[in-house]
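Below, each chain spelled out in residue letters.
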Amino acid sequence: MTDLKALEETLLAEIAAAGDEQAIEAVRVAALGKKGSVSERLKSLGSMTPEERQSFGPAINGLKNRIGDALSERRATLRDAAIDARLAREMLDVTLPVRQTPAERGRIHPITQVMDEIAAIFGDLGFAIAEGPDIETDYYNFTALNFPEGHPAREMHDTFFLEKGERDEARLLRTHTSPVQIRTMEAQEPPIRIVIPGKTYRCDFDATHSPMFHQLEGLVIDKTANVANMKWVLTEFCKAFFEVPSLNMRFRPSFFPFTEPSLEVDIQCDRSRPGEVLFGQGNDWMEILGCGMVHPNVLRFGGLDPDEYQGFAWGMGIDRIAMLKYGMPDLRAFFDADVRWLSHYGFRPLDMPTLFGGLSS
C-alpha cells in the first residue's frame with residue numbers, strides 16, 4: 001500500500017507539472033498506457049492470492065480512477081488556458097477604424113493620371129494615340145525633322161548619344177517625341193490625327209527640368225488643315241484640361257526647325273496669389289506650348305507631297321502642365337518614389353478621367 005501511495009504522489013506531481021496537452025498525454029501513456037506504471041500493477045492482480053486481490057484490487061483501481069480524473073481535469077485546464085492565450089493574441093479592437101483595402105490605399109502617379117486625361121480629351125476630338133521607340137537614330141530625331149547640321153540640339157552637352165548601331169547609324173535617347181510623326185507619316189496614309197505622349201531625354205536637371213521627362217506632341221495631316229483648325233484644337237484642349245469654361249490664348253511668332261510658320265502659345269492666368277495660378281481669369285500670361293504648320297521638308301521626309309498635303313503640329317511638357325494644374329512646385333519630386341508625396345498628390349486607381357464625369361474628380 002505504501003508503494004501505491006508513493007506512486008500516486010509521483011504521478012499527481014507530474015500531472016500538475018505538465019505545461020501543455022502534449023506533456024499531459026505523455027504522463028497518461030506513462031501511467032495508464034499498455035505498459036504504464038498503473039497498468040502493470042493491474043496486471044499483477046492475476047498472480048495474487050484471493051485474499052491479496054481482495055485487498056489490493058480496490059486500491060489499484062481507485063488509483064487508476066483518481067489518476068484518470070486528475071489527467072482529465074488538467075487537460076481541461078490546459079485547453080482553457082490555450083484558448084484564452086489565443087483570444088488574447090488574436091484580439092481585434094472593433095473600435096479601431098476599418099483598414100483600407102489595397103485598391104483604396106493605392107495611388108496613381110500624377111503623370112499617369114495626366115496622360116489618361118490627355119487621352120480622354122483628344123480621344124473625344126477624334127485623335128489616336130501613337131507611340132515610338134525611346135532609342136532613336138539621328139535621322140529620325142534630327143535630320144527628318146529639318147534640323148540642319150551644326151544645330152545646337154545635336155551637341156553632346158544637350159543630347160544623350162549612344163554607340164552607333166549595326167549600320168553605323170548614330171543613335172541617341174530621343175530628345176522629343178517628334179520622331180513618331182515621321183514614322184507615322186511613313187506608315188499611314190493621310191488623313192492623320194495623332195497625339196504622342198511619351199518619355200524624352202535631355203542633359204538638364206534642376207527644380208523645373210529633369211534628364212528624363214514626359215512630352216506630348218500632336219500631329220494633323222490632311223489636304224485642308226490650317227492655322228484656324230490648330231488654334232481651335234489647342235483652345236479646346238486647354239479649356240478641357242484646366243477645366244475652365246473659357247480661356248483666352250495668345251499666339252506669338254517663334255521658330256522651330258520642323259514648323260513654318262511657328263508659334264508660341266500663352267494662356268490667360270492670374271498669378272496675384274503667391275504660389276497659386278488660376279487659369280481662365282486675370283491679366284497675366286503664361287507660355288504653355290509651341291506649335292505651327294508642318295514644314296514642307298518634314299512632309300517630304302515623311303513621304304508626303306507638300307503640294308498636296310499640309311498639316312499642323314504642337315508640343316508641350318506633360319510634367320509641366322501637371323505641375324501647373326495640380327500645384328506641384330518641384331519637378332524632381334516626380335521621380336523620388338516618395339510614398340508620402342504620392343499619397344498626397346496621387347489619384348485613386350479606380351477613378352478614371354472622363355469628360356462627362358470630370359477629368360480630376
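This text goes with the structure placed above it.
Please read all numbers here as calculations on a predicted model, not as lab measurements.

**Brief notes about unusual backbone geometry**
- Here the residue pair Pro190 and Pro191 is connected by a cis peptide bond, since its omega of 5 degrees sits within 30 degrees of zero.
- The step from Glu260 to Pro261 runs through a cis peptide bond, and the omega angle for that step is 0 degrees.
- Summarising the element assignment, Pro261 is placed in strand E8 (residues 259-270).
- The phi dihedral of Asn146 is positive, around 70 degrees, even though this residue is not glycine.
- Take Asn146: it is sitting in the loop between helix H7 (138-141) and strand E3 (161-162).

**Structural notes on the packing of helix H6 (residues 110-124) against helix H11 (residues 318-326)**
- For the pair H6 and H11, interaxial distance at closest approach is 10 Å and the crossing angle is 95 degrees. Relative to H11, the element H6 is oriented roughly perpendicular. Contacts between H6 and H11 involve Ile111, Val114, Met115, Glu117 and Ile118 from the former and Ile318, Asp319, Ile321, Ala322, Lys325 and Tyr326 from the latter.
- Among the residues forming the contact of H6 with H11, the class breakdown is eight nonpolar, no polar and three charged.

**What to know about the packing of aromatic side chains**
- Evaluated as defined, the whole model comprises 17 aromatic pairs.
- Between Tyr326 and Phe347, the aromatic rings sit 5.0 Å apart at their centres with planes inclined by 70 degrees, giving edge-to-face as the arrangement. Here Tyr326, found in helix H11, pairs with Phe347, found in the segment after helix H12 (339-345); they are 21 residues apart in sequence, far enough to count as distant.
- Every member of this aromatic cluster is reached through a ring pair, and the members are Phe122, Phe127, Phe237, Phe241, Phe242, Phe279, Phe312 and Trp314.
- A cation sits over an aromatic face here: Arg183 above Tyr140, 4.1 Å from the ring centre.

**A closer look at the environment of Ser262**
- Locating Ser262 in the fold gives a position in strand E8.
- Separated by 31 residues in sequence, Ser262 and Met293 have C-alpha atoms that sit 6.7 Å apart.
- The residues touching Ser262, leaving out its near neighbours within four places in the chain, are Arg252, Pro253, Ser254, Phe255, Phe256, Cys291 and Gly292.
- Within the structure, Ser262 has its side chain in polar contact with the backbone nitrogen of Phe256 (distance 3.1 Å).

Conventions adopted
- Residues numbered from 1 in each chain as written.
- Predicted model: local features only at pLDDT ≥ 70, side-chain atom pairs only at ≥ 80, totals over all residues.
- Heavy atoms only, no water.
- Helix = DSSP H or I, 4+ residues; strand = E, 2+ residues; numbered from the N terminus.
- Axes fitted to C-alpha atoms, helices over the stretch in contact; angles between N-to-C directions.
- Parallel < 35°, antiparallel > 145°, perpendicular 65-115°, else oblique.
- Contact = heavy atoms within 4.5 Å.
- Nonpolar A, V, L, I, M, F, W, Y, C, P; charged D, E, K, R; others polar.
- Phe/Tyr/Trp six-rings, centres within 6.5 Å; stacked < 30°, edge-to-face > 60°.
- Lys NZ or Arg CZ within 6 Å of the ring centre and 35° of its normal.
- Polar contact = N/O pair within 3.5 Å; in protein donor to acceptor, adjacent residues only side chain to side chain.

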